[in-house]
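A look at the structure
Next come the chains, spelled out residue by residue.
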Amino acid sequence: MEILIDNPLATMYGPTFLVFFGLLIGVAVIVLALVKSQFDRTDRLGVPAIPPNLDPYEIAYLRGGINELARSAIFSLTQKGFVEIDGTGAQPILKKAANPPDVRGLPPIEKSAFDWLGASREPSEIFNAFGLIYELDAHKTFYQTRLEQQQMLTGEADRRVFEPIKWAVYALILSLGAYKLLAALAHGHFNVVFLLVFTVAGLAIARAVSKLPRVTKLGKAYLERLQLAFDNLKYTSQAAYIRTNQARVAPQTTFAGVDPLLLSVGVFGSGILAGTVFDSYNQAFHKSQLNPATGGTSCGSGCGSSCSSGSSCSSGSSCSGGSSCGGGCGGCGGGCS
């Protein structure tokens, strides 16, 4: 057993070992990154054409995960007059409209959201463990499976294959750091601060590098194609709902059977609602995020409001994040999925 604490590695001079340890961590992380890069070769595939029967909820899920799926459903219910937003109190409330239209015409996902709402809910409840995101789990599974088949989302099969490789790197860094720590203590050396820093930093770097992106390169390219194709629609659908003192009839036009504003929200996020008659929708989620008394997670409401500036939210973070999603919640996307 003496060989365990009396060998060149165990007795290596501290600074020399730190150089060796740092190089090993660097090599391990590089190998991990190279292996990870082999799991997404979808950039070699052609970007699919935009289908004539677009599903705004599928687009919302691709862009921002389950959080954006739930937010889009609530927005559609608000737009159709099923849900009202009461912002008179300190905490906004989503309320069932006094005289809502007939629910029989609602799509299944909106019917599920309407049933979950009950009489009233706080926006933060949408993102709770047993909130609306839980109620929409069946729809989430449907869209997840469909988008994985189209190679726009990273599949569970790839994650399972990559998992042991990731944990092997973690184990290498942790075991070597722990071994040197025990050897140093056994030899009466207690100046191990830098060793601990190297170990923790190495694990943190490896963990950051090992995260497989939620949205594949093909998915990102498809989102970019959608945003380019519907850039004009974004402004025209907004214009019909810009606040004005003049009375107007609410537009009833559709784009391939889908309301253009709902489609724009799915493609660009709810940030396009700023300045429209639906601005209270954004404000409700924003206030919910800022109120520390809310029970929702910051990733839930935060991703919701910050993933809506029109970025694609497709960098692969848990909300899936474009430039604003990344700043809003880091790894959510996707609905923190």
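Scope of this entry: the structure provided in the associated data block. (Residues numbered from 1 in each chain as written. Predicted model: local features only at pLDDT ≥ 70, side-chain atom pairs only at ≥ 80, totals over all residues. Heavy atoms only, no water.)

Next up on the list: the sheet that holds strand 2 (residues 93-96). Spatial ordering of the open sheet is given by 1-2-3, a layout of three strands whose pairing is antiparallel. Two strands in the sheet have a free side with no partner beyond their single neighbour: strand 1 (83-86) and strand 3 (120-121). Bridge count between strand 2 and strand 3: two bridges; the pairing is antiparallel. Note that in strand 3 the partner of Leu94 across the bridge is Arg121. (Pairing = 2+ DSSP bridges. Helix = DSSP H or I, 4+ residues; strand = E, 2+ residues; numbered from the N terminus.)

Bridge analysis of strand 1 against strand 2 gives four bridges, and the strand direction is antiparallel. When the bridges of strand 2 are listed, Ile85 appears paired with Leu94. In textbook terms, the turn of a hairpin is the stretch between consecutive antiparallel strands, and for strand 1 and strand 2 this stretch comprises six residues.

This part covers the packing of aromatic side chains. Within this structure, the stated rule accounts for eight aromatic pairs. Seen in terms of ring centroids, Phe82 and Phe114 are 5.4 Å apart; in terms of plane orientation they differ by 75°. Their pairing is edge-to-face. With Phe82 in the loop between helix 2 (56-79) and strand 1 and Phe114 in helix 3 (residues 108-117), this pair connects stretches of sequence that are 32 residues apart. Exposure class is identical for Phe82 and Phe114. Each is buried. A ring pair is formed by Phe130 and Tyr134, whose centres lie 5.2 Å apart and whose planes are at 65°; its orientation type is edge-to-face. For Phe130, a relative accessible area of 65% gives the class exposed. (Phe/Tyr/Trp six-rings, centres within 6.5 Å; stacked < 30°, edge-to-face > 60°. Buried < 20%, exposed > 50% of the residue type's maximum accessible area, 1.4 Å probe, protein only.)

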